[in-house]
Amino acid sequence: AQTVTQSQPEMSVQEAETVTLSCTYDTSESDYYLFWYKQPPSRQMILVIRQEAYKQQNATENRFSVNFQKAAKSFSLKISDSQLGDAAMYFCAYRRDTSGSRLTFGEGTQLTVNP
Amino acid sequence: GAVVSQHPSRVICKSGTSVKIECRSLDFQATTMFWYRQFPKQSLMLMATSNEGSKATYEQGVEKDKFLINHASLTLSTLTVTSAHPEDSSFYICSAIHLAYGYTFGSGTRLTVV
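The structure contained in this document is the topic of the report that follows.

Right, let's get into the overall build of chain B. Per the secondary structure count, chain B includes 0 helices and 11 strands. Secondary structure elements of chain B, listed N to C terminal, follow the sequence β-β-β-β-β-β-β-β-β-β-β. Expected size for 114 residues packed as a compact globule is a radius of gyration near 13 Å; at 13 Å, chain B falls within 12% of this value. When its C-alpha atoms are laid out on the principal axes, chain B stretches across 40 × 25 × 20 Å. Considering only contacts in chain B between residues 6 or more positions apart, those separated by 24 or more positions represent 53%. Split by element, the accessible area of chain B, about 5,700 Å² in all, is 51% carbon and sulfur. Distance between charge centroids for chain B: 7 Å, based on 10 positive and 8 negative side chains.

Below, the structure is given as structure tokens:
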């Protein structure tokens, strides 16, 4: 079974600084997708970024970028120029490259942004 | 984009009663929907996978007779918590798969059983 591990229950960053959230996963599949979701206090799940395992290039979405290390099964999220609105719970997630497959979530990292 | 509407957002029910939560894909058809449960400051725990026109697939440890899932149309899945007890109090979230936008989540339902 696939597992996703986020070893940082809590992280904090100063506004305008950069922070990296860690995620590792375990799978025997070669094709899969990885995601970072944000859950603010409203508890609405928001997709931050996604990465296809077959792509070597790291995904980037504005201030958000990932460091995808397939051999190491590592998928970290870097948030640049942190803003107060980035404060949220962040979940790393995995899914197999099969139609209709489920998402497997990590435990989450609570990010605090200090003004 | 894809929108999933979940209703109600909050519900309080008495112990022993049943409560129904609806999950609708507003502008797309979803053959597969997922139901999650989330405790405070914890991750989303998959309860079941709902497939249109067929029985739901429940995760190990989830009581199928207690958490009834119906996916009778391509835009609606419902979760009914039967004979609710205080330990069923939690945050429930649904998700649907959109072909272009991927997984889209409802805004969640906070259930309180008193």
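The structure having been displayed, the exposition proceeds.
This part covers the interface of chain B and chain A. At the junction of the two partners, chain B supplies 19 residues and chain A supplies 15 residues. For the pair chain B and chain A, the two sides together bury roughly 1,500 Å², of which 53% comes from carbon and sulfur. Summed over the three residues of chain B that lose the most area to chain A, namely Ser43, Tyr103 and Phe105 of chain B, the buried surface amounts to 36% of that side. In this structure, the connection of chain B to chain A is made through 1 salt bridge. Applying the counting criterion to the chain B and chain A interface returns 6 residue pairs in polar contact (both at pLDDT 80 or more). Secondary structure elements with two or more residues in the side of chain B that touches chain A: strand S4 (32–38), strand S5 (44–51), strand S9 (90–98) and strand S10 (102–105) of chain B. Looking at the side of chain B that touches chain A residue by residue, the class counts come to 10 nonpolar, 6 polar and 3 charged.

Next up on the list: the pattern of salt bridges. Residue and element names in this part refer to chain A. Inspection of the entire model under this criterion finds 8 salt bridges over all chains. Ionic pairing is found between glutamate 52 and arginine 50, a salt bridge with its closest N-O pair at 3.1 Å. The class for glutamate 52 is buried, based on a relative accessible area of 11%. What you see here is one network of salt bridges that share partners, running through Arg50, Glu52 and Lys55.

This part takes up the pairing of S10 of chain B. Side-chain positions along a regular strand alternate between the two faces of the sheet. Residue and element names in this part refer to chain B. Taken together, the 4 bridges between S9 and S10 define a ladder with antiparallel strand orientation. Note that in S10 the partner of isoleucine 97 across the bridge is tyrosine 103. Remark: 3 residues form the turn of the hairpin made by S9 and S10, two consecutive strands paired antiparallel.

Describing an aromatic ring pair means giving the distance of the ring centres and the angle of the ring planes. If you walk through the whole model with that rule in mind, you get 15 aromatic pairs over all chains. An angle of 20° between the planes, with centres 6.3 Å apart, marks the rings of tryptophan 36 of chain A and phenylalanine 75 of chain A as stacked. Of this pair, tryptophan 36 of chain A sits in strand S5 (residues 32–39) while phenylalanine 75 of chain A sits in strand S9 (residues 74–79), and the two are 39 residues apart along the sequence. Assigned by exposure class, tryptophan 36 of chain A and phenylalanine 75 of chain A land together as buried. An angle of 45° between the planes, with centres 6.3 Å apart, marks the rings of phenylalanine 67 of chain B and tyrosine 92 of chain B as tilted. Here phenylalanine 67 of chain B, found in strand S7 (residues 67–73), pairs with tyrosine 92 of chain B, found in strand S9; they are 25 residues apart in sequence, far enough to count as distant. By relative accessible area, which is 0% here, tyrosine 92 of chain B ends up buried.

Reading the values: rules and limits
Residues numbered from 1 in each chain as written. Chains lettered and ligands numbered in written order. Predicted model: local features only at pLDDT ≥ 70, side-chain atom pairs only at ≥ 80, totals over all residues. Heavy atoms only, no water. Helix = DSSP H or I, 4+ residues; strand = E, 2+ residues; numbered from the N terminus. Rg over C-alpha atoms; globule rule 2.2 N^0.38 Å. Contact = heavy atoms within 4.5 Å. Areas by Shrake-Rupley, 256 points an atom, 1.4 Å probe, with all protein chains shown as cover. Lys, Arg positive; Asp, Glu negative; His and termini not counted. Charge placed at Lys NZ, Arg CZ, Asp CG, Glu CD. Buried area = accessible area lost by both parts, 1.4 Å probe. Salt bridge = Lys/Arg side-chain N within 4 Å of Asp/Glu carboxyl O. Polar contact = N/O pair within 3.5 Å; in protein donor to acceptor, adjacent residues only side chain to side chain. Nonpolar A, V, L, I, M, F, W, Y, C, P; charged D, E, K, R; others polar. Buried < 20%, exposed > 50% of the residue type's maximum accessible area, 1.4 Å probe, protein only. Pairing = 2+ DSSP bridges. Phe/Tyr/Trp six-rings, centres within 6.5 Å; stacked < 30°, edge-to-face > 60°.

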